[in-house]
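One-letter residues, chain by chain:
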Number of protein chains: 2
Amino acid sequence: MDKPIKAFVFDVYGTLFDVIAIKEQCEELFPGHGEAISQTWRTKQVEYFMMRQLMEKYISFAEVTRSALKYALESEGLESTEAIERQLMDAYLHLPLYEESEAVLRELQNHKLVVFSNGSHDMLDPLIENAGIQGLLDEALSVDDIGQFKPAPAAYQYALSRLGIERDEVLFMSSNGWDISGAKNFGFRTAWINRKQAPVEQLGLEPNYVFSDLKGLLKWK
Amino acid sequence: MDKPIKAFVFDVYGTLFDVIAIKEQCEELFPGHGEAISQTWRTKQVEYFMMRQLMEKYISFAEVTRSALKYALESEGLESTEAIERQLMDAYLHLPLYEESEAVLRELQNHKLVVFSNGSHDMLDPLIENAGIQGLLDEALSVDDIGQFKPAPAAYQYALSRLGIERDEVLFMSSNGWDISGAKNFGFRTAWINRKQAPVEQLGLEPNYVFSDLKGLLKWK
C-alpha cells in the first residue's frame, strides 16, 4: 500500500502555464516569426539552465530567459532592442494558464498544494499573482533560494526540506520529461502531465502516473 | 601575446565525424523516417548525457546512445527489434568523417593532436580505427575513464591532467555550442567549428576563434 500523499507539488512553466502561448506577442512584434521565436526561446531556456548547472555557473532564471530570448531573435536574423526585450520579458509574467489548471487547483483544495519552479521569484511571484491563483496555493518555492537548477538532486532536496515530509509523501507533477525524470531520480512520486503524447524518456525512471492533462489528478479529489 | 598552443584537442561527434549522416541507414530500415530518426537520436543523445550528469547517474555513452535510439524510434511510432538496434549501433562505429577532417589532421602533423570525447572507448576506438585516422592522432581521450560528461568542468580537467600542460596552452575544437562553452568555461582556448552558421551561444563565453569548418585551423599549419 502506498503512503498517503501529503503534498501535491507542481512544476510551473509548461505544466500549469503555457509558455508557447507567448508566440502571439512574438508574432505581433515580428510577423512570420512568432512560432519559431517561441519554440527556440523555450528550447534555449531549458538548455541554458542545464548548461549553467553543468558548468557550475548559476544565474537566475530571469537572466537565463533573457539570454535565451536574445539567442532566439538572433537565430531568426532579427534585430532586437532593449524595449522589445523588456516587452517580451514582461509578457512572460502574463503567460496564460492551461485551460484546466485553475479548476483542478480548486478541486484539490483539501490537499496541500505547492509550486516548485526553476523560475526565480522576480518572475514566478508576479506570474502567479497576475493569473490570480495565489490564493489556491499553500506555497511557491523557487530554486533561486539555493542557486541549483532542477533536475539536480540538490534542487529537489531543497523543496523537500521546505516541506518537512518524506520523499515518497510528495506527488510531483510536471509536463517536462527532464523534470519528471529528475524528481523520480530524487525519490518523489511523480505524475507526468504528458500534454504532447510523447514517449516516456529512456532514462530508466518511469513516472508513477501518466495523465494527458491535469484533470487526471482529480482521482485524488 | 598569446602563449603557444601545445595541443590541438578535437571533439569527435559532430566535429570530426558527421552524426547526421546516419540518416541514410535509418532511411533504409525505415523509409520516410530517416531524417527524423537521425535528428531525434542526436538531440536525445545530448539531452540524455546532460541529464545523466545533472542527476549524478553516469552510464556509458554507448548506453546513452542506445537509449536515445529507442526514444527516437518510439517517437516516430516505429517498432524496433534487438537486431535493428544492433545494426544502427554498429552504423555508429562507421560514421563518415567530414570531407575536410582527414586532410586537416594531415596538415597539422607537426602539432600534438588529441581527440577528447564523451564517447566511451567501446564506441570511440572502433570509430577512429574504421575511419583509418588513428595514425594521425597522438591520443584518444574519453570521459568514460572518470564517469563525468562534458560540459562538466571535471571532464575537461581530466583531459588537461592527461595532457600535462596549462589550460591556456590547449586549443579545443568543437562544432557543438554546449561543448565549446564548457571548454571555454573551464579555461581552454577554443575554436568553434560553426558548421551551421548558428549564433554564438548566449552564455557569456565567446569562443576565441570561429571557423565555418576545420580548414580554418590551417592558419597554424
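Structure first, text after, so check above.
Summary of the structure given here. Computed from a predicted structure; not experimentally measured. (Residues numbered from 1 in each chain as written. Chains lettered and ligands numbered in written order. Predicted model: local features only at pLDDT ≥ 70, side-chain atom pairs only at ≥ 80, totals over all residues. Heavy atoms only, no water.)

1. Here's the deal with the pattern of salt bridges
Residues and elements named next belong to chain B. On inspection of all chains with the given rule, the structure shows 32 salt bridges over all chains. Among the salt bridges present, the one from Glu-100 reaches Arg-195, with a minimum N-O distance of 3.0 Å. Taken together, the residues Glu-100 in the loop between helix H4 (82–91) and helix H5 (101–107) and Arg-195 in the loop between strand E5 (189–193) and strand E6 (209–211) connect sequence positions 95 residues apart. Relative accessible area serves as the criterion here: at 8%, Glu-100 is assigned to the buried category. By relative accessible area, which is 22% here, Arg-195 ends up partly exposed. Glu-107 is the salt-bridge partner of Lys-221, the closest N and O atoms lying 3.7 Å from each other. Of this pair, Lys-221 sits in the segment after E6 while Glu-107 sits in helix H5, placing them 114 residues apart in sequence. (Salt bridge = Lys/Arg side-chain N within 4 Å of Asp/Glu carboxyl O. Helix = DSSP H or I, 4+ residues; strand = E, 2+ residues; numbered from the N terminus. Buried < 20%, exposed > 50% of the residue type's maximum accessible area, 1.4 Å probe, protein only.)

2. A look at the sheet that holds strand E4 (residues 170–174) of chain A
All names here are of chain A. Read across the sheet, six strands follow the order E3-E2-E1-E4-E5-E6 without closing on themselves; strand pairing throughout is parallel. With partners counted over all chains shown, the strands left at the sheet margins are strand E3 (139–142) and strand E6 (209–211), one partner each. Between one strand axis and the next, the sheet turns through 25 degrees on average, direction left out of account. Note that strand E1 (residues 7–10) and E4 share four bridges and pair parallel. Bridging across to E4, Ala-7 finds its partner in Val-170. Here helix H6 (residues 121–131) sits on the sheet in contact with strand E2 (113–117) and E3, set at roughly 155 degrees to E3. (Pairing = 2+ DSSP bridges. Axes fitted to C-alpha atoms, helices over the stretch in contact; angles between N-to-C directions. Contact = heavy atoms within 4.5 Å.)

3. Things to note about the side chain of Asn-185 of chain B
Residue placement: Asn-185 of chain B occurs in helix H8 (residues 177–186). Taking the relative accessible area as the measure of exposure, Asn-185 of chain B reaches 14% and is therefore buried. Polar contacts involving the side chain of Asn-185 of chain B include one to the main-chain carbonyl oxygen of Met-55 of chain A, which spans 3.3 Å. Aside from chain neighbours lying at most four places away, what touches Asn-185 of chain B is Met-55 and Lys-57 of chain A together with Pro-153 and Leu-205 of chain B. (Polar contact = N/O pair within 3.5 Å; in protein donor to acceptor, adjacent residues only side chain to side chain.)

4. A closer look at the interface of chain B and chain A
At the interface, 30 residues of chain B touch 30 residues of chain A. Of the roughly 2700 Å² buried between chain B and chain A, counting both surfaces, carbon and sulfur atoms make up 64%. Considering only the side of chain B, the residues that lose the most area to chain A are Leu-54, Gln-202 and Leu-203 of chain B, jointly responsible for 26% of the buried surface there. For the pair chain B and chain A, the number of links is two salt bridges. Here Lys-44 of chain A makes a salt bridge to Glu-201 of chain B, at a shortest N to O gap of 2.8 Å. Applying the counting rule to chain B against chain A returns twelve residue pairs in polar contact (both at pLDDT 80 or more). Elements represented by at least two residues in the side of chain B that touches chain A include exactly helix H2 (34–54), helix H3 (61–75) and H8 of chain B. Its residues assigned to classes, the side of chain B that touches chain A comprises 15 nonpolar, seven polar and eight charged. (Buried area = accessible area lost by both parts, 1.4 Å probe. Nonpolar A, V, L, I, M, F, W, Y, C, P; charged D, E, K, R; others polar.)

5. Concerning the nonpolar core
For soluble globular proteins, nonpolar side chains are generally found buried alongside one another. Counting residues in each nonpolar core, the largest one holds 163 residues, and the members touching the most others are Phe-10, Trp-41 and Leu-217 of chain A together with Phe-10, Trp-41 and Leu-217 of chain B. Setting aside its immediate chain neighbours within four residues, Phe-10 of chain A contacts Leu-16, Leu-105, Leu-108, Leu-113, Val-114, Val-115, Phe-116, Met-173, Leu-214 and Leu-217 of chain A. (Core = buried A, V, L, I, M, F, W, Y, C linked by side-chain atoms within 4.5 Å.)

6. Comments concerning the side chain of Gln-45 of chain A
Along the polypeptide, Gln-45 of chain A turns up in helix H2 (residues 34–54). With near-sequence residues (within four places) excluded, Gln-45 of chain A lies in contact with Phe-61, Val-64, Thr-65, Ala-68 and Tyr-92 of chain A.

7. Digging into unusual backbone geometry
Residue and element names in this part refer to chain A. With an omega dihedral of 10 degrees, the bond running from Lys-150 to Pro-151 counts as a cis peptide bond. Within the fold, Pro-151 resides in the loop between E3 and helix H7 (153–163). Here Glu-56, not a glycine, exhibits a phi torsion of approximately 60 degrees, which is positive. Relative to the assigned elements, Glu-56 resides in the loop between H2 and helix H3 (61–75). On the basis of relative accessibility, which here comes to 61%, the residue Glu-56 falls in the exposed class.

By themselves, these observations are geometric and do not establish any function.
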